[in-house]
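What follows is the residue order along each chain.
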Amino acid sequence: MPLNMVVLIKQVPDTKNITAKAMNDDGTVNRSALPAIFNPEDLNALEMALSVRDEHGGRITVLCMGPPSAAEQLRDALMRGADAAGFLSDRAYAVADTLATAYALKCGIEKVGDVDIVFAGRQAIDGDTAQVGPQVAGAMGIPQLTYVAEILELTDTHITARRLIEGGYEIVQAQLPALLTVVDEANEPRARRAKLVPHYKQARTTLEVAGQIAQELDPEKGKPDKTLLAQRVEPVVADLAARKLLIPVWAPADIGADLAQCGKKGSPTQVKNIDFVTLVATDHKTIEPTQEGIEGLMHELIEDHVLD
Amino acid sequence: MPKRTGGVLVFAEQDGGKIADVSLELLSKARELADALGQHVAAIVCGHTLARQPAQLIASGADVVYVADNPALAVYRTLPYARVVCEVIEGAAPEIVLFGASPSGRDLAPRVAARLRTGLTADCTNLRIGDHTDPVSKTEYKDLLYQIRPAFGGNIIATIVTPNHKPQMATVREGVMVMPEPDPTRTGEIVPVPVALDDEGELVKILERVKAERTVNLKGAKVVVSGGAGVGSSEGFELVRELADVLGGEVGASRAAVDAGYIGRDHQVGQTGTTVRPKLYIAAGISGSVQHRAGMVESSKILAINTDPEAPIFAFAHYGIVGDLFEVIPMMIEAYKHKA
């Protein structure tokens, strides 16, 4: 039985690869030096949806809330086999905590409509909170299965899955619709499909089209006459849509989202302050990697009762 | 906003009757926070046939224990637990609610926060009470919960507040807060919670549950020898294990090593793993990211072995060896065997 599925994805800075090159001289990290990537566990979530579609048929829509650059991740998802994309990108969504993010995504899922399963990665590698998945499920009022490693059975009405718990696992059965958060142990995400790459490379959001044409019309400031811009943009967008290469951008009004619950306004938590902690050397001793140096070290550790 | 008098509430996680260490640790922090607010400490425990757990929670610092005892709660499931916890919160009106950041806690806390439309901060490394002035409106807030946690990369420690929503919620990982000394002479109130569910108990069924006893005890170890990406393979971890065994310690790992599959997640040390405070922490082939540091920085002595002299870990290690762990560790084993 074909299933209607949504996969929630996020573009994140590559926090797993903070090398010396990404560090400033004062010991802080240069965020802009970090490449933006597909959140790793969201790839596992997408892979799980694709496997379900392989076996049962259905349709996969990927949704992403993010800044304009995150369109890249939607293109990537389409190249891996997603059927459609929806991009929640608007100033009104910015500076959202997990609750405001979950609210907006819930509205996006409802716009897709009649969804049987929502897949999300367990957590994003920048915030590491693992909160958005459960909060979307909470906002939708549907069962959540977190830490899912494997789907064992799927019928029209129920899903049976293996989820990880502390020190082991559970086999659980949930009524559909349900939301799953997927862990990296679940699968090996498939690569982009060779045939789809050149096709979806051309996919654009309306904002990207407008931005590009604005730049062509007014190379100096990128702010041409609005009517002229609209005239030029319209046929390009129509052509992309006809070739199924248009990535829709949804503002709050497009998804029936209450502005007061989006973005900073909709975020109960706020950052009060940030301290830049520079790593300080305390009483630091360099030990030579020689037999002598190491014997001296072990002797000292024993003398000081650090080691028994 | 009218003052809430429900105190500081701790979700006491239990499995098979045993209360999770992290919940007991949270009780000691809850006591500090409650004292600062002039309020009491409460705990909520859900399960079936709960007999001695309420008394244990009182001994560990709870003044009030809400007990939800019902067959539908015998084993943790999101929907029935969320319903009961939300109802207790709505009735008791706590200022603050704390959860351990265990897999269950991370499943439950966000669901509860979403239901209550309030803020939740994950993996806090510190919590305290303080004042806050909104930078835009200039409104002053007194006695808010400072939810402190390292934020991604960049050596950033963020202080997060929830000024306009209640309760203020946070999750904390095991080992971050201190385990309290139980005091069996303490007294407290036990409040049974009536449990009435609609379909919450029916939507998800647990068909099978397989749980092994924890084999890794990082928190209690006096010596931790951790391997990072530099170990390169699971075979490489045998050398790390050998050093740990010789020194009477436990094996730890960085997230990179766990993600690469060299060793199990039970061994992970760091902000999203276990927090440890051993007398000696040996970091072999670990670069020393902020997230890893958060999990071991309070070790009495830190010894780092890395081939990269620029590795951030050398900035806060007490002893630094720039070298190959596959050469250095055997030398350490030899030297220790001769000296000890």
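All values derive from a computational prediction rather than experimental measurement.

A. Expanded view of the overall build of chain A. Each helix and strand in chain A was counted, giving eight helices and 14 strands. C-alpha atoms of chain A, sized along the principal axes, occupy 80 × 60 × 45 Å. Evaluated residue by residue, chain A yields a buried proportion of 44% over its 308 residues. When contacts within chain A are restricted to residue pairs at least 6 apart in sequence, long-range pairs at least 24 apart make up 69% of them.

B. Quick peek at the overall build of chain B. From N to C terminus, chain B includes eight helices and 18 strands. Viewed in the frame of its principal axes, chain B has a C-alpha envelope of about 60 × 50 × 40 Å. Within the span of chain B, comprising 340 residues, buried residues form 56% of the whole. Counted over contacts in chain B with a minimum sequence separation of 6, partners at least 24 positions apart contribute 66%.

C. Expanded view of helix α8 (residues 325-339) of chain B. Residue and element names in this part refer to chain B. Along its 15 residues, α8 runs 20 Å from first to last C-alpha, staying within 8% of the 21 Å computed at 1.5 Å per residue. Listed in full, the buried residues belonging to α8 are Leu-325, Val-328, Ile-329, Met-331, Met-332, Ala-335 and Tyr-336. Taken around the axis of α8, the buried residues stretch over an arc of 160°, which confines them to a single face. Relative to its buried face, α8 has exposed residues pointing more than 90 degrees away, namely Lys-337 and His-338.

D. Summary view of the sheet that holds strand β1 (residues 3-9) of chain A. The strand order β5(A)-β4(A)-β1(A)-β6(A)-β10(A)-β7(A)-β8(A)-β9(A)-β13(B) describes an open sheet built from nine strands, whose pairing is mixed. Every interior strand has two partners, whereas the edge strands, β5 (84-88) of chain A together with β13 (204-211) of chain B, have only one. The sheet shows a mean angle of 30° between the axes of neighbouring strands, direction not considered. Against the sheet, helix α1 (residues 40-56) of chain A makes contact with β1, β4 (58-65), β6 (117-121), β7 (144-154) and β10 (178-182) of chain A, and its axis sits at roughly 170° relative to β1(A), the strand it touches most. With respect to the sheet, helix α2 (residues 71-80) of chain A is in contact with β1, β4 and β5 of chain A, its orientation differing from that of β5(A) by roughly 165°.

E. Representation of the domain arrangement of chain B within the structure. All names here are of chain B. For chain B, the domain assignment lists domain 1 (8-192) and domain 2 (223-339). Spacing between the C-alpha centres of domain 1 and domain 2 amounts to 32 Å. Listed as interface residues are nine residues of domain 1 and, on the opposing side, eight residues of domain 2. Taken together, the residues of the side of domain 1 that touches domain 2 sort by class into two nonpolar, four polar and three charged.

F. Inspection of the interface of chain A and chain B at higher detail. Contacts between chain A and chain B engage 69 residues on the former and 73 residues on the latter. Those elements that place two or more of their residues in the side of chain A that touches chain B are α3 (98-112), α4 (132-140), β7, β8 (158-165), β9 (168-175), β13 (270-276), β14 (285-287) and α8 (291-303) of chain A. Strand direction decides the pairing type here: β13(A) and strand β10 (residues 156-161) of chain B, joined by six bridges, are antiparallel. From the neighbouring strand, A:Val271 faces β10(B), where its bridge partner is B:Ile160.

G. Structural view of the sheet that holds β13(A). The strand order across the open sheet built from four strands is β13(A)-β10(B)-β9(B)-β8(B), with neighbouring strands paired in antiparallel fashion. Both outer strands of the open sheet, β13 of chain A together with β8 (126-133) of chain B, are each paired with one neighbouring strand and no more. Averaged over neighbouring strand pairs, the angle between their axes works out to 35° when direction is ignored. Helix α1 (residues 21-37) of chain B rests against β8 and β9 (140-151) of chain B of the sheet, and its axis sits at about 25° to β8(B).

H. Seen up close, the packing of helix α6 (residues 206-217) of chain A against helix α7 (residues 226-242) of chain A. Residues and elements named next belong to chain A. The contact between α6 and α7 brings their axes to 9 Å, and the two run at 130°. It follows from the interaxial angle that α6 and α7 lie oblique. Considering how the two elements wind past one another, α6 and α7 form a crossing that is right-handed. Seen from α6, the contacting residues are Thr-206, Val-209, Ala-210, Ile-213, Ala-214 and Leu-217; seen from α7, they are Leu-228, Leu-229, Arg-232, Val-233, Val-236 and Val-237. Along the lines of polarity and charge, the residues of the contact of α6 with α7 split into 10 nonpolar, one polar and one charged.

I. Spotlight on the environment of B:Ala229. Residue and element names in this part refer to chain B. As for its position among the elements, Ala-229 is in the loop between β14 (223-227) and α5 (236-247). For the pair Ala-229 and Ser-60, spaced 169 residues apart in sequence, the C-alpha to C-alpha distance is 39 Å. In this structure, Ala-229 is in contact with Ser-254, Ala-256, Ala-257, Ala-260 and Gly-285, ignoring residues within four places of it in sequence.

J. Quick peek at the pairing of β8(B). Residues and elements named next belong to chain B. In terms of strand pairing, β8 meets β9 through seven bridges, oriented antiparallel. Within β9, the position partnered with Thr-133 by the bridge is Glu-140. Linking β8 to β9, which pair antiparallel, is a turn of six residues; within it Lys-138 sits at a positive phi near 65°.

K. Inspection of the nonpolar core at higher detail. With 134 residues, the main nonpolar core has A:Val7, A:Val62, A:Ala104, A:Phe119, A:Val136 and B:Ile44 as its most contacted residues. Non-local contacts of A:Val62, meaning those with residues more than four positions away in its chain, are made with A:Val7, A:Ile9, A:Leu46, A:Leu74, A:Ala77, A:Ala82 and A:Ala85. If you look at the next biggest cluster of nonpolar residues, it comprises 51 residues, including B:Val269, B:Ile282, B:Ala283 and B:Phe314.

L. Just the environment of B:Phe314, in detail. All names here are of chain B. Structurally, Phe-314 can be placed in the loop between β17 (301-306) and β18 (319-322). The spatial distance from the C-alpha of Phe-314 to the C-alpha of Lys-3 is 48 Å, given a sequence separation of 311 residues. Look past the residues within four positions of Phe-314 in its chain and what remains in contact with it is Ala-304, Pro-309 and Gly-320.

M. Fine view of the pairing of β10(A). Residues and elements named next belong to chain A. When you tally the buried positions in β10, you get five out of five residues, the bulk of the element. Burial along β10 is two-sided: the residues Ala-178, Leu-180 and Val-182 and Leu-179 and Thr-181 are all buried. Bridge count between β6 and β10: five bridges; the pairing is parallel. Residue pairing across strands places Ile-117 opposite Ala-178, the latter belonging to β10.

N. Expanded view of the confidence of the model for chain B. With 98% of its residues at a pLDDT of 70 or more, chain B shows a mean pLDDT of 93. Confidence estimates for the predicted assembly give a pTM of 0.87 and an ipTM of 0.89.

O. Layout of the environment of A:Gly222. Residues and elements named next belong to chain A. Structurally, Gly-222 is set in the loop between α6 and α7. A tally of 13 C-beta atoms within 10 Å means that Gly-222 is categorised as partly exposed. In this structure, Gly-222 is in contact with Ala-214 and Gln-215, ignoring residues within four places of it in sequence.

P. Expanded view of unusual backbone geometry. Of note, the amide linkage connecting A:Leu176 to A:Pro177 takes the cis form, showing an omega dihedral of -5°. Its place among the elements puts A:Pro177 in the loop between β9 and β10. With omega at -5°, the peptide bond leading from B:Lys166 into B:Pro167 counts as cis. Backbone geometry at A:Asp114 places phi at a positive 55°, although glycine is not the residue there. Looking at the element boundaries, A:Asp114 is found in the loop between α3 and β6. On the basis of neighbour count, A:Asp114 is assigned to the exposed category, with 7 C-beta atoms found within 10 Å.

Criteria and thresholds
Residues numbered from 1 in each chain as written. Chains lettered and ligands numbered in written order. Predicted model: local features only at pLDDT ≥ 70, side-chain atom pairs only at ≥ 80, totals over all residues. Helix = DSSP H or I, 4+ residues; strand = E, 2+ residues; numbered from the N terminus. Buried ≥ 20, exposed ≤ 12 C-beta atoms within 10 Å, placed from the backbone. Contact = placed C-beta atoms within 7 Å. Expected span 1.5 Å × (residues − 1). Arc of directions from axis to C-beta. Pairing = 2+ DSSP bridges. Axes fitted to C-alpha atoms, helices over the stretch in contact; angles between N-to-C directions. Domains from an automatic or database assignment. Nonpolar A, V, L, I, M, F, W, Y, C, P; charged D, E, K, R; others polar. Parallel < 35°, antiparallel > 145°, perpendicular 65-115°, else oblique. Left-handed = near helix turned anticlockwise from the far one by under 90°. Core = buried A, V, L, I, M, F, W, Y, C linked by C-beta atoms within 7 Å. pLDDT = per-residue confidence, 0-100.

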